[in-house]
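# Topology and contacts: notes
Listed below are the residues making up each chain.
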Amino acid sequence: MISINDLQVEVEGKNVLNGVNLEIPEGEVHLLLGPNGSGKTSLIMTIMGYPQYRITGGSISMNGQDITELDITERARLGIGLAEQRPPSVSGVKLRMLLDYILKEHEDKQERVLELIKEANMESFLDRDINEGLSGGEIKRSEILLLLSRQPLFAMLDEPDSGVDLDSLELLSSMINILFSPKKEYPAKRGTGLLITHSTYMLDRIDVDKAHVMIAGELVCSGHPQIIMNKIVDSGFESCIECREK
Ligand SMILES: Nc1ncnc2c1ncn2[C@@H]1O[C@H](COP(=O)(O)OP(=O)(O)O)[C@@H](O)[C@H]1O
Ligand SMILES: [Mg+2]
């Protein structure tokens, strides 16, 4: 579904991605790992189309269509969605207003989203400004609820576990599983996505098909998620750096 070819990106005049190649087939959820500052968020923001991430080489395509030149709105309309690492607060816009707006276009999802609001204990902040004064866990819940209500064809989640307490982790993991659960029409096919997390708690609860390790703006390794995670838990990213040098 997503095909990235030799992608080079700069932000504020600095190279952050140096030739990334990545294929994510429909029905697979991939895991992106890597040390802080290696370029994971930059990759996700570039796929979404944030203009400060300037593509200086390579291409991104979705279902065979080159989307490299499309802007963020056009990409969202094609079905790309993102739950940001640090979602902004939006004064003057209530979560309820934004949800109503989204659900007008996705009426079939309305019932499920209302159920989710109850399950996620979110009624109380529907009438507050988006993310304003919410705790870390509540911000992530609200962000993932918005993503879920849009039902993107390709969903990206940037560290949904960061700044989150244990109770929220459990809830967020189930919300992410709902996001990637098979549709009624294709009961054997999961959703498609890219997840950034190093939380073993979350990874024990969310199935991922393949993992990739990013070091200094390059994907240096791809393979079985459990094997790669075990290696990183044992010896950190040192082993990935050594492996890359070999
Ligand atoms: N908006 C920005 N302005 C300046 N530098 C940035 C910006 N976004 C990312 N960077 C830099 O790009 C590099 C990669 O960052 P990032 O993609 O956030 O890494 P990660 O998500 O793996 O921690 C870092 O050195 C970071 O400081
Ligand atoms: Mg990041």
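As a starting point, this report considers the structure included with it. (Residues numbered from 1 in each chain as written. Chains lettered and ligands numbered in written order. Predicted model: local features only at pLDDT ≥ 70, side-chain atom pairs only at ≥ 80, totals over all residues.)

### Some words on the overall build of the protein chain
Along the backbone of the protein chain there are nine helices and twelve strands. For the protein chain, the C-alpha radius of gyration of 18 Å lies close to 18 Å, the compact-globule estimate for 246 residues. Dimensions of the protein chain along its principal axes, counting C-alpha atoms only, are 55 × 40 × 40 Å. When burial is assessed residue by residue, the protein chain has 35% of its 246 residues classed as buried. Sequence separation of 24 or more characterises 70% of the internal contacts of the protein chain that already satisfy a separation of 6 or more. (Helix = DSSP H or I, 4+ residues; strand = E, 2+ residues; numbered from the N terminus. Rg over C-alpha atoms; globule rule 2.2 N^0.38 Å. Buried ≥ 20, exposed ≤ 12 C-beta atoms within 10 Å, placed from the backbone. Contact = placed C-beta atoms within 7 Å.)

### Topic: the environment of glutamate 107
Looking at the secondary structure, you find glutamate 107 in the loop between α3 (95-105) and α4 (110-119). Separated by 22 residues in the primary sequence, glutamate 107 and aspartate 129 have C-alpha atoms spaced 23 Å apart.

### Let's talk about the site of ligand 1
Neighbouring residues of ligand 1: 13 residues in total, closest Glu12, Gly37, Lys40, Thr41 and Ser42. Every element with two or more residues in the shell around ligand 1 is listed here: β2 (14-24) and α1 (40-48). With three residues, α1 is the largest single contributor of residues to the shell around ligand 1. (Near = placed C-beta within 6 Å.)

### Some details on the nonpolar core
Counting residues in hydrophobic clusters, the biggest one holds 50 residues, and the most contacted among them are Ile44, Ile144 and Leu195. Here this core takes five residues from β2, the largest share from any one element. (Core = buried A, V, L, I, M, F, W, Y, C linked by C-beta atoms within 7 Å.)

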